[in-house]
Amino acid sequence: MGARPRRRRAPAAAATAAAAAAPGPLGALLAAALLAAAAGAQQSATVANPVSGASPDLLPHFQLEPEDVYIVKNKAVSLACRATPATQIYFKCNGEWVHQGDHVTQHGTDRGTGLPVMEVRIEVTRQQVEKIFGLEEYWCQCVAWSSSGTTKSQKAFVRIAYLRKNFEQEPTAREVSIEQGIVLPCRPPEGIPPAEVEWLRNEELVDPALDANVYVTPEHSLVLRQARLADTANYTCVAKNIVARRRSASAAITVYVNGGWSTWTQWSGCSTSCGRGWQKRSRTCTNPTPLNGGAFCEGQNVQKTACTTLCPVDGAWSEWSKWSVCGAECTHWRSRECSEPAPRNGGQECRGPELDTRNCTSELCSHAAGGAEDVALYVGLVAVAVCLVLLLLVGVLVYCRKKGGLDADVADSSILTAGFQPVSIKPSKADNPGLLTIQPDLSTATMTYQGSLCPRQDGPAKLQLPNGHLLSPLGAGRHTLHHSSPAAEGADFVARLSTQSYFRSLPRGTTNMAYGTFNFLGGRLMIPNTGISLLIPPDAIPRGKIYEVYLTLHKQEEVRLPLAGCQTLLSPIVSCGPPGVLLTRPAILAMGHCVEASAENWSIRLKKQSCEGTWEDVLQLGAEPCTELYYCQLEAQACYVFTEQLGRFALVGESLSMAASKRLKLVLFAPAACPSLEYNIRVYCLSDTQDVLKEVIQLEKQLGGQLIGAPRVLHFKDSYHNLRLSIHDMPSSLWKSKLLASYQEIPFYHIWSGLQPFLHCTFTLERLSPSTCELACKIWVWQVEGDGQSFTVNFNIAKDTRFSDWLVPDSEVGAPALVGPSAFKIPFLIRQKIISSLDPPGTRGADWRTLAQKLNLDSHLSFFASKPSPTAMILNLWEARHFPNGNLSQLAAAVAEVGKQDGALFAVSEAEC
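Presented here is a report on the structure given in the accompanying data block. (Residues numbered from 1 in each chain as written. Predicted model: local features only at pLDDT ≥ 70, side-chain atom pairs only at ≥ 80, totals over all residues. Heavy atoms only, no water.)

Sheet architecture is open: 6 strands sit in the order β37-β38-β34-β30-β29-β50, paired in antiparallel fashion. Bordering the open sheet on either side are β37 (630-634) and β50 (817-819), each of which pairs with just one other strand. The average angle at which neighbouring strand axes cross in this sheet is 15 degrees, direction not considered. Relative to β50, strand β29 (residues 523-527) runs antiparallel, the two sharing 3 bridges. Residue L525 lies in a different strand from β50, and its bridge partner there is A817. Across the face of the sheet, helix α11 (residues 870-882) comes into contact with β29, β30 (532-536), β34 (587-592), β37 and β38 (638-643) while running at roughly 140 degrees to β38. (Pairing = 2+ DSSP bridges. Helix = DSSP H or I, 4+ residues; strand = E, 2+ residues; numbered from the N terminus. Axes fitted to C-alpha atoms, helices over the stretch in contact; angles between N-to-C directions. Contact = heavy atoms within 4.5 Å.)

If you look at the biggest cluster of nonpolar residues, it comprises 71 residues, and the most contacted ones within it are L534, L551, Y679, L723, L775, I779 and V781. In this structure Y679 touches A670, P671, C674, Q706, W735, F763, T764, L765, L775, F795 and I797, once residues within four positions along its chain are discounted. Counting 36 residues, the second-largest nonpolar core is a separate cluster that includes L535, Y631, I834 and L857. (Core = buried A, V, L, I, M, F, W, Y, C linked by side-chain atoms within 4.5 Å. Buried < 20%, exposed > 50% of the residue type's maximum accessible area, 1.4 Å probe, protein only.)

Here we come to helix α6 (residues 690-703). Its 14 residues give α6 an end-to-end C-alpha distance of 20 Å, which sits within 8% of 20 Å, the value for a rise of 1.5 Å per residue. Contacts made by the buried residues of α6 are with β29, β31 (547-554), β40 (661-671), β41 (678-687) and β42 (705-707). Taken from the residues just after α6, G704 is the one with a positive phi, measuring 75 degrees. (Expected span 1.5 Å × (residues − 1).)

The subject of this paragraph is the sheet that holds strand β46 (residues 744-746). The 4 strands are arranged β46-β44-β48-β49 in an open sheet whose pairing can be described as antiparallel. Each of the sheet's edge strands pairs with one partner strand only, and the pair in question is β46 and β49 (788-796). Neighbour to neighbour, the strand axes of the sheet diverge by 20 degrees on average, direction disregarded. Alignment of strand β44 (residues 723-728) against β46, held across 3 bridges, turns out to be antiparallel. Across the sheet, L725 pairs through a bridge with Q744, a residue of β46.

For the rest of this paragraph, the subject is the state of the cysteines. Linking two cysteines covalently through their sulfur atoms gives a disulfide. Taken as a whole and judged by the stated rule, the model has 8 disulfides. There is a disulfide in this structure between C274 and C311, and the S-S distance comes to 1.7 Å. Around the S-S axis, the bridge from C274 to C311 shows a dihedral of about 80 degrees and counts as right-handed. Here C274 is found in the loop between β21 (251-256) and β22 (275-282), whereas its partner C311 is found in the loop between β23 (302-309) and β24 (331-335), with 37 residues between them in sequence. For C274, a relative accessible area of 39% gives the class partly exposed. Its relative accessible area of 34% is what places C311 among the partly exposed residues. (Disulfide = S-S within 2.5 Å.)

Here it is as structure tokens:
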């Protein structure tokens, strides 16, 4: 705790008056002692007042002094002090002595000195502090006595801890240039003790110790010395103290980079090879490249300039010179030059020889006979040609011989032809040890279903449907469906489940459990009077597979669901399983909830417990699903969870504002018989779900209670205010209340967590005469600074049973387990025809999208579109929402309006099917 300024002591008169008010006969002694001790102003935290003539060494001195403390929510705090030597120690709070009975005293001996040691403790409640709220701070101080005098301890201040919801100043989004400084202000909500502030960057903690570019000012502002590209992120200011943790709105910081020009390239060549043209050079906006919306480079990226190129001149030959004189070798020559014109400016050189030579004869040329040499030359050339021809023939013969040998090998080889032999795949034999065969378990009790798949009643007129390909997988004749009987197989089924470690937390009874055996035709499990059901659509279980499936409602004291911060349980905890089974279509789990949902007030998540026992968020409602395994349709009082993996689920919410509220069901019960003068009225404050109301009704049946008023709904807000209950307007001549206070109170966090299902308060009344049977009063239930409800009670406690029907809720239609077509409102063949008609895209939009709009399900189009059959998902959700009281005529009308289905098909009644 931080150091406080020392307070000046009260004058002598005030000290004497305070001592005189001390409990017991010590008042006079204390007055005399304090008069002697209060001669002047005292500055120290611990004050000693010695008795005249006494040894100061024997004055009490404190080994432990009370420290400043904070009251969190409604939890009382403890103050303690210890002194030696001390004969008595008392606490004084805000100038008044604490009652002697509120002190807890321990005596001991100091091992070092042998002097007596005395330790005293008291508890301070929130109500004590609130009594002086606004007048001054609540403080307490110890006063210790010994034979030598008195000593006072330092003052310990007791404050009520809180943290407001709203930030006084939140960070705002900004766009800054790179290397520019950034200051993100944050003024946390008001709170006691003052909130500590930390910053998150993209949900990760910002630690200035690890980043020299970041620091936090004493005013809690986050400063980035030089913005970097890596600093582009969402920044959130988080304030927390011992009470709560608050998050500001996230501020998006974008660090942008303005573009810069690169250097110019070299000039290009002139555009023309002859005469006047132009040439260019360029640069790019890449030094640096603009990022995150930074400005593009200003100016031109290309420059052009005029240029002139000399035209090339090709060279041309001059005239040949005259022939030279015939030489001794019998030749003469002539020449020419490439000079008319000479090539210039890149022109081409002259083509052709510049010297021409010819044979000649003259008197200067001598002739010699050369016939024999010419013959020898010709003979040599012929011989060479003949050798070349022979070599070529030998090579051709060798090549042909090799090719003939290869063809023979191919003809005789079986290697090249083996790939074209016919392959025969034969089934494995029964004695093959490597074959794993799995036969379905057909040993359980079965129910035989014969006839068409259209349910259910016999009648003179049947809907005639052709026996087409839809029924071909079933074969003709009899179809066997497995159907468990809860009465006969309940103990056996639960015993099988209990042997597996994951299911050891399942309830051992069958009151809150439904189970059955299902195949590809699907079915439904229901826990009566709870609003909890599990729909297994057709083809969700692979053909050839048979699953034993269960559905369980857990009591909240049996399953530990950890909640943090402002989280609260919004639904029952429900298990369906066994987990790990293969489902090819999502099953739909229906359960109630108690949330008044709104996106700005709530963050709602679907939690699933893993096999290791940890709870994980698998879906956040309203956000893009991270996996296609789960989806949730949230309605006013129920939610429908699409899941391809069975397991244990619960709906958990986290409030985002003080306007977030839950629905509470307020129910009044009283004894059905009252043999004594005392009469108790129990007011239950329950989460507004059917399962909790069912449990309370069963509990009250055991207690012999009766309902004395219609239940009411109260909206309980996340305002940290408690729930209060009071009783008024009783005739004082007939009844009196034994309640000492003006009202009773249920702490806020007991209700908000949702983990205490049967919260209630009891009003104990007393009749002044045994003949009094008429009770008239008013009961108020309200949240401080919030919603409230009042009950007007006026009935005869001996014979009034007008609300007794509430104790026996209407039973849900059907058995807890329904298998095959009996579990669905829509006949199987009609369902298949709707799916085949509406799944393909329609030319005018007459497909499953229009059907979803007609059924007010168009907000889930993206989820439906992600499945192989969107129409099947829509019909499955309709079945889950409308069983058993769904109106097929309304569905038929919606399908007929789509314009692609024959309306006459749906004109038949359910009984005619």
